Amino acid sequence: MSITKIAKMTTEITADYQKLSDLNVAFYNQDVNTSILQFDVTRNNAPVPLGKVNVDGYIVLLAADGSRIQDAVEITDEINGVIEYTIPHEFLKHTGKALGQIYIAVKGKDDTAVMRQFSFDIEKDLLTSFSATKKLEYIKTFDDLTTFIKQRVDEIDAAVANGEDYVAAMEKVSEKGQKDIQAVATKATADVNKAATDANKKITDTSNTVVATVNAKGDAVLKAFTENGQVPKITADSGAPRYDLNSSKDLFAEILTWGNGFFTFYLSAGATNNPTGTVSWLRGTASTYGKNSNVLAYDKDGAMYNVVCANGIWGVWDKTAMSSKTQSNKITADNGQFYYNLTDNKSDILASVISESGFKTGFAHFTVLNGLGNNRSFRFTSYYYPTNGYIHAVDTAGQSHIRVCNGGVWSAWKSIADTSVTQNAKITNDDGSTIAIVNYDLLNTTDVSNFDGYSNTAINMPLGISQAGYIKRKYRGGLIEVTFSPYNTNAIYRNSYNSVSGGSWLGWEKLVTASELAASKSVVLWSGSANGVSSTPYALSRAINTSRKIRVTYDFPGASGKTAVVDLSNTKILIIHDFNLTDSDANGGGLYEFQLDFTTLNKFTIKADTVKDLNDTGKIDQKNMTVRKIEEVD
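Residues numbered from 1 in each chain as written. Predicted model: local features only at pLDDT ≥ 70, side-chain atom pairs only at ≥ 80, totals over all residues. Heavy atoms only, no water.

Undergrad: Can you help me understand the packing of aromatic side chains in this one?
TA: Between two aromatic rings, the relevant description is the distance of the centres plus the angle of the planes. By the definition in use, this model includes 26 aromatic pairs. Pairing Trp258 with Phe263 gives two aromatic rings, centres 5.8 Å apart and planes at 70°, and the pair type is edge-to-face. Here Trp258 and Phe263 have matching classes, each one buried. Within the aromatic cluster, the residues linked to one another by ring pairs are Tyr339, Tyr340, Phe378, Phe380 and Trp413. The ring of Trp281 has Arg283 sitting right over it, with the charged end atom 5.0 Å from the ring centre. Its end group placed over the ring of Tyr339, Lys360 keeps NZ or CZ at 4.1 Å from the ring centre. (Phe/Tyr/Trp six-rings, centres within 6.5 Å; stacked < 30°, edge-to-face > 60°. Buried < 20%, exposed > 50% of the residue type's maximum accessible area, 1.4 Å probe, protein only. Lys NZ or Arg CZ within 6 Å of the ring centre and 35° of its normal.)

Next up, the structure:
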């Protein structure tokens, strides 16, 4: 029957922080070979299989008095990841709170997982102060003690009855006891010396083993650091910039020689590719991989610069604006909308503008206080700095208005169209109608004004047209352009004058109207694909008897999209001649003739398609030519 004491604990393989686990367990210093620690190893709350051929387990225990032990653990259930460790009697002698930790290592590799720390108690048992020869007597029951005493009394009575000389016996026993004690003391001294020698050897061996283990682990950690750590230095060993470049250096060229990594540098004023030139030094960083680098630097005034190198090609420095040297007062809301949004009759546009200094944008509903007063909502920009400012508004009809504040006093709203703030020369009458002038001289060279209006009795207009019409006159530095459109027509006539090139009018010319331009365009009579000699007619969209000329678009072996034009006033048979040479050596090719018959006027047929091969005989009724389109081109 097993009398072991087993303390069970689940230990999770994880990178998450795990606090010290107190097993709430107490072993006694006399629990010899019976105090067992049992661990269930899990990952993500699932058992971790631990093959004995693949992994080793170690435990480190630290006693309250500083004594420690490192030993191997036993894998008792490989499938479910259960390991056990029986606490040695030597360690149980160190009473108090003990700490422990489990290490799982992969055989043949440097991979090691360290489990969470745990703690338990080692207590003194009640018999620790008793000698070994008395323990059995003291642990007997009272009945056993009674029986033992009675037995001794009976022996004494018998001895007295037999006349035994107890005094002589005691002396003899005393003498023998002294000899036994001396022998035991001598043997104990030898045993202690031997035990001390053995302990010293064991301590030395254990120490050597621990040192070797620590060195091996240290070498593994150093190797891992070398393989996975940051090797290229970011700064110099003193903490100064890694690279100190004087004014003779080229920053861009130097960076591409540093290799891959993240580096700090100092660049002197006047160095090549210093964005400040000779004004300031730079302190910065460069993150480089291959021929690509991102550089960020600051000058002596704290201004920030950045530049990028892509595939060995450097860009240009970009200077980031400093908040101390930029405009931080908002003009619009953060989303780009108006800064002021005045949407009801409780809002006062003047109160809003004077509430903050600076240039602002806004929207105002037509019901706002101190608005335009024309029942129109408006968008506005404003500027105000204590007691002075202005508001420029554009209403929903596109009309501009302005209101000015001087010394805290606001003026009335004024329309931008007011003659006091706009150009005085009128373009229209006050009611918006066209300005009309009697006897307006279209060819007056002394008038330096522009005019856009009307005259019932214009002078020097084009011959044969009405005197009444609309006039546009433009003047600039001796150059004059006049257009005249007679009343109730869409005709437009143009004349121009240049005082620099002789001072004479070029003469009136009529501008082509859109309808006249459309009438002059070609009309498609037929489009498609017609090929091969046949009596089959192809219908036209209209008869060609109203056309003077037609244009035929065709393909043949030498080219596509070629055209031919025929004057229909002399013939109704269109004959097309073309030729083609071979592209490779120009020693071959052919002469082509193609005939279209338009005799029926509203149809056409392919009358002939012949070719003379330059290296062979002629052939008729071929399909070398294909008609694509027929157009009227009068």
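Undergrad: Where do I start with the nonpolar core in this structure?
TA: Side chains of a nonpolar character, in soluble globular proteins, are inclined to be buried together. Counting residues in hydrophobic clusters, the biggest one holds 28 residues, and the most contacted among them are Leu37, Ile59, Ile83, Ile102, Phe118 and Phe120. Secondary-structure elements contributing two or more residues to this core are strand 1 (5-12), strand 2 (21-28), strand 3 (35-43), strand 5 (55-62), strand 8 (82-86), helix 1 (89-92), strand 9 (96-106) and strand 11 (118-123). (Core = buried A, V, L, I, M, F, W, Y, C linked by side-chain atoms within 4.5 Å. Helix = DSSP H or I, 4+ residues; strand = E, 2+ residues; numbered from the N terminus.)

Undergrad: What exactly am I supposed to notice about the pattern of salt bridges here?
TA: Charged atoms that come close allow side chains of opposite charge to pair. For the coordinates displayed, the defined rule picks out 16 salt bridges. Here Lys194 makes a salt bridge to Asp198, at a shortest N to O gap of 3.0 Å. One end of the pair is Lys194 and the other is Asp198, both in helix 4 (residues 166-228) and four residues apart, which spans about a single turn. A relative accessible area of 39% places Asp198 in the partly exposed class. With its nearest N and O atoms 3.9 Å apart, the salt bridge here joins Glu509 to Arg494. Within this pair, whereas Glu509 is found in strand 32 (residues 509-510), its partner Arg494 is found in strand 30 (residues 493-498), the two being separated by 15 residues in sequence. Each of Glu481, Arg494 and Glu509 takes part in a single network of salt bridges with overlapping partners. (Salt bridge = Lys/Arg side-chain N within 4 Å of Asp/Glu carboxyl O.)

Undergrad: How should the environment of Leu443 be read in this particular structure?
TA: Turning to its location among the elements, Leu443 is positioned in the loop between strand 26 (435-436) and strand 27 (451-455). Distance in space between the C-alpha atoms of Leu443 and Tyr497 is 8.6 Å, their sequence separation being 54 residues. Excluding anything up to four places from it in sequence, Leu443 contacts Asn460, Asn495, Trp505 and Trp508. (Contact = heavy atoms within 4.5 Å.)

Undergrad: Just checking my understanding: could you explain unusual backbone geometry for this structure?
TA: The general pattern is negative phi for most residues beyond glycine and trans for most peptide bonds. One non-glycine residue with positive phi stands out, namely Asn44, at about 55°. If you trace the backbone, Asn44 turns up in the loop between strand 3 and strand 4 (46-47). For Asn44, a relative accessible area of 66% gives the class exposed. Residues other than glycine seldom take positive phi values, yet Asn439 does so here, at roughly 55°. With respect to the element layout, Asn439 can be found in the loop between strand 26 and strand 27. According to the relative accessible area criterion, Asn439 is partly exposed, its value standing at 47%.

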